[in-house]
Amino acid sequence: ALIREASMEAVCTANDVKVYNLSAGKSLPEWISDRKRRALLKSDLALRRRIELLQDFCMPAACTQLGVSVDKQYVLASGVYKPRIKCYDVNQLSLKFERCLCAEVTRFAILSDDYSKLALLLADRNIEFHVQHGFHYRIRIPTFGRDLAYHYPSCDLFITAACSEVYRLNLEQGRFLTPLTNRVSACTVCGFNSEHQLLTIGTEEGTVECWDPRSHSHVRRLALASAGVNYSDSPGCVPSVTSLRHKNSLHFAVGTSTGQVLLYDLRSSRPLLCKDHCYGLPIHSLDFQQSEKLVISSDSKILKVWREDDGSALAAIEPDDHINQSCQFPDSGLLLLATEGPKMLSYYIPAVSPAPRWCSFLDTLAEELEEVPEPVVYDDYKFVTSKDLENLGLAHMVGSDLLRAYMHGFFMDMKLYHKVCCSFAAVTSVTFVAGKGSR
């Protein structure tokens with residue numbers, strides 16, 4: 001019944017690639033009773049046809065971060081206000097738990113394969129650890145944290161902060177270890193390569209510092225200034241690193257504060273490709289779709305899906321609210337967006353990859369919509385009839401390349417139509433003034 005009645009809205013179709021908005025449509029308020037809810041669903045067709053992938057997939061004011069567990073069974077989200085974290089079970093398509101916090105979550109890391117162990121980096125310089133039953137422990141760091149990454153082999157939690165040091169908290173011993181010191185003013189982001197466990201750290205000076213977590217030694221520095229890319233209008237200006245993502249043992253992506261995404265090979269100091277979002281906004285999220293060789297990058301205004309070989313665009317999503325973070329459900333075409341609005345957005349792009357197993361009905365809906373013919377809409381053309389052409393004095397253009405016959409009229413270029421209308425209005429006003437003067 002869900003498949004027969006549900007509907008998806010295609011927000012855009014570019015390059016023969018369709019992007020389906022799964023969050024479109026009306027939503028029911030939380031405070032209404034179950035009886036009223038059932039009555040509205042029975043009477044309102046739009047409410048009955050909407051798709052709700054996960055129950056209560058929203059925040060009171062805004063969502064700050066989204067994440068998927070390693071076993072792909074849980075989706076976690078942090079938001080405000082009041083600060084809280086939510087966990088959704090994809091097998092049950094519902095909310096599993098919700099926990100309110102004392103401060104806003106800056107970043108969180110999933111320490112286990114499921115939701116049972118979490119590390120929350122809070123805006124008040126505290127790190128909270130949560131286990132299956134709830135809150136477990138809280139510890140304070142010397143400066144305000146910006147990002148954190150967990151090293152599974154050594155049980156070390158690495159925290160970047162507004163200083164040159166990267167803090168190391170060993171969760172097995174329960175104490176801080178000697179931090180990693182970089183020759184920079186502040187560190188911004190960090191991440192591990194899942195294959196050889198190389199730690200990469202982005203800095204405000206526009207460098208990527210590479211560390212070996214086994215020997216705790218610095219192995220390489222990658223400077224964005226040597227990439228030969230014009231990052232801004234100011235010459236000599238090097239942006240800071242705002243996001244990092246590893247694809248495999250050699251290749252990774254770097255997002256900058258001026259809106260560029262650089263693809264690197266660890267063996268070279270120059271980027272393989274530079275993709276500019278052209279908005280000048282910091283890149284805060286990066287993902288790879290390895291099967292199709294695609295890169296998914298987003299800033300606060302737009303999410304772009306493009307090919308890593310040549311940087312050509314495949315699809316783009318530009319929601320009404322600012323994007324705080326984007327998250328791709330692993331090995332699928334489902335994209336989840338944390339925005340400044342209460343609703344957490346979900347989009348499905350069949351060209352990227354099939355839908356996840358727990359919402360495989362999306363593939364069926366997409367196939368059914370492919371069979372429905374869509375009306376052709378010309379956004380850059382104006383439809384005019386033969387009478388309209390006579391009134392504008394353009395009857396002689398019939399049969400030329402400037403008019404395209406369609407049904408009982410013609411399609412005319414919108415710019416040409418406006419130009420003719422302005423000229424016709426000017427001639428009409430001059431004729432009216434001259435006639436009035438002669439009288």
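Residues numbered from 1 in each chain as written. Predicted model: local features only at pLDDT ≥ 70, side-chain atom pairs only at ≥ 80, totals over all residues. Heavy atoms only, no water.

Visitor: Describe the overall build of the chain, naming the residues involved and giving the relevant values.
Guide: Looking only at helices and strands, the chain has 6 helices and 32 strands in total. Scored against the burial criterion, the 439 residues of the chain give a buried share of 48%. Sequence separation of at least 24 residues holds for 44% of the intrachain contacts in the chain that already meet a minimum separation of 6. Entry remark: accessible area of the chain is about 22500 Å², with carbon and sulfur atoms responsible for 51%. (Helix = DSSP H or I, 4+ residues; strand = E, 2+ residues; numbered from the N terminus. Buried < 20%, exposed > 50% of the residue type's maximum accessible area, 1.4 Å probe, protein only. Contact = heavy atoms within 4.5 Å. Areas by Shrake-Rupley, 256 points an atom, 1.4 Å probe, with all protein chains shown as cover.)

Visitor: Can you tell me about the pattern of salt bridges, naming the residues and giving the values?
Guide: This structure, assessed with the given rule, holds 13 salt bridges. Between glutamate 318 and lysine 301 there is a salt bridge, with its nearest N and O atoms 3.2 Å apart. With glutamate 318 in the loop between β26 (313-317) and β27 (323-328) and lysine 301 in the loop between β24 (294-298) and β25 (303-307), this residue pair connects regions lying 17 residues apart in the sequence. By relative accessible area, which is 33% here, lysine 301 ends up partly exposed. (Salt bridge = Lys/Arg side-chain N within 4 Å of Asp/Glu carboxyl O.)

Visitor: Give a detailed account of a negative patch on the surface, specifying residues and quantitative values.
Guide: Judged by side-chain charge, Glu104, Asp320, Asp321 and Glu340 come together as a negatively charged surface patch. Mapped onto the elements of the fold, aspartate 321 is located in the loop between β26 and β27. (Patch = residues over 30% accessible without salt bridge, like charges linked within 9 Å, V, L, I, M, F, W, Y side chains within 5 Å. Lys, Arg positive; Asp, Glu negative; His and termini not counted. Charge placed at Lys NZ, Arg CZ, Asp CG, Glu CD.)

Visitor: Run through the nonpolar core, naming residues and quoting values.
Guide: One finds Leu53, Leu66, Val75 and Leu362 to be the most contacted residues of the largest nonpolar core, which totals 28 residues. Elements with a minimum of two residues in this core: β3 (62-68), β4 (74-80), β28 (334-339) and α4 (361-371). Tallying contributions element by element places α4 first for this core, with 4 residues. When neighbours within four sequence positions are excluded, valine 75 is seen to be in contact with Phe57, Leu66, Gly67, Val68, Lys86, Cys87, Tyr88, Val90, Phe329 and Leu336. (Core = buried A, V, L, I, M, F, W, Y, C linked by side-chain atoms within 4.5 Å.)

Visitor: Provide a residue-level description of the side chain of serine 112, including the pertinent values.
Guide: Mapped onto the elements of the fold, serine 112 is located in the loop between β7 (105-110) and β8 (118-122). Taking the relative accessible area as the measure of exposure, serine 112 reaches 11% and is therefore buried. A polar contact of 3.2 Å, which involves the side chain of serine 112, links it to the side chain of serine 116. There is a polar contact of 3.2 Å between the side chain of serine 112 and the backbone nitrogen of lysine 117. (Polar contact = N/O pair within 3.5 Å; in protein donor to acceptor, adjacent residues only side chain to side chain.)

Visitor: Outline the sheet that holds strand β17 (residues 207-212), listing residues and values.
Guide: The strand order β15-β16-β17-β18 describes an open sheet built from 4 strands, whose pairing is antiparallel. Two strands close off the open sheet at either side, each with one partner strand: β15 (187-192) and β18 (217-223). The sheet shows a mean angle of 20 degrees between the axes of neighbouring strands, direction not considered. (Pairing = 2+ DSSP bridges. Axes fitted to C-alpha atoms, helices over the stretch in contact; angles between N-to-C directions.)

Visitor: Can you explain the packing of aromatic side chains? Please cite residues and give values.
Guide: The final tally for this structure, using the stated rule, is 8 aromatic pairs. Ring centres of phenylalanine 57 and tyrosine 88 lie 5.1 Å apart, and the angle between their planes is 75 degrees; on these two criteria the pair is classed as edge-to-face. With a gap of 31 residues between them, phenylalanine 57 in the loop between α3 (45-49) and β3 and tyrosine 88 in strand β5 (residues 84-89) connect regions that are remote in the sequence. Here phenylalanine 57 matches tyrosine 88 in class, with each residue buried. Look at tyrosine 74 and tyrosine 115: their rings are 4.8 Å apart centre to centre, the planes differ by 65 degrees, and that puts the pair in the edge-to-face class. Of this pair, tyrosine 74 sits in strand β4 while tyrosine 115 is found in the loop between β7 and β8, placing the two residues 41 residues apart along the sequence. When its relative accessible area of 6% is taken as the criterion, tyrosine 115 is described as buried. Taken together, the ring pairs connect Tyr74, Phe97 and Tyr115 into an aromatic cluster. The ring of phenylalanine 97 carries the charged tip of arginine 99 above its face, separated from the ring centre by 4.0 Å. (Phe/Tyr/Trp six-rings, centres within 6.5 Å; stacked < 30°, edge-to-face > 60°. Lys NZ or Arg CZ within 6 Å of the ring centre and 35° of its normal.)

Visitor: Any details on the sheet that holds strand β6 (residues 94-100)? Residues and values, ideally.
Guide: Taken in spatial order, the 4 strands of this open sheet run β3-β4-β5-β6, and their pairing is antiparallel. Each edge of the open sheet carries a strand with a single partner, namely β3 and β6. Looking at each pair of strands side by side, their axes are set apart by 20 degrees on average, direction ignored. Bridge count between β5 and β6: 6 bridges; the pairing is antiparallel. Among the inter-strand pairings, cysteine 87 is bridged to a residue of β6, identified as phenylalanine 97.

Visitor: Break down the layout of surface pockets for me, with residues and values.
Guide: Approximately 1700 Å³ is the volume attributed to the largest pocket. As for the largest pocket, its lining consists of 45 residues, of which Val68, Phe192, Leu244, Arg245 and Asp287 are closest to the centre. (1 Å grid on protein atoms, 1.4 Å probe; cavity = no way out; pocket = protein on both sides within 12 Å on 5 of 7 lines; lining within 4 Å. Points joined across faces, edges and corners; volume = space filled by probe spheres on them.)

Visitor: Tell me about the state of the cysteines, residues and numbers included.
Guide: Enumeration over the complete set of coordinates arrives at 0 disulfides. The structure places no disulfide on cysteine 102, whose sulfur is separated from the nearest cysteine sulfur, that of cysteine 100, by 9.8 Å. Given the relative accessible area of 67%, cysteine 102 is considered exposed. There is no disulfide at cysteine 274, and the cysteine sulfur nearest it, in cysteine 278, is 9.8 Å away. (Disulfide = S-S within 2.5 Å.)

Visitor: Talk me through the pairing of β15; I want residue IDs and the actual numbers.
Guide: With 6 of its 6 residues buried, β15 lies for the most part within the structure. Hairpin geometry of β15 and strand β16 (residues 199-203) is characterised by an intervening segment of 6 residues between the two adjacent antiparallel strands and by a positive phi of about 60 degrees at glutamine 197.

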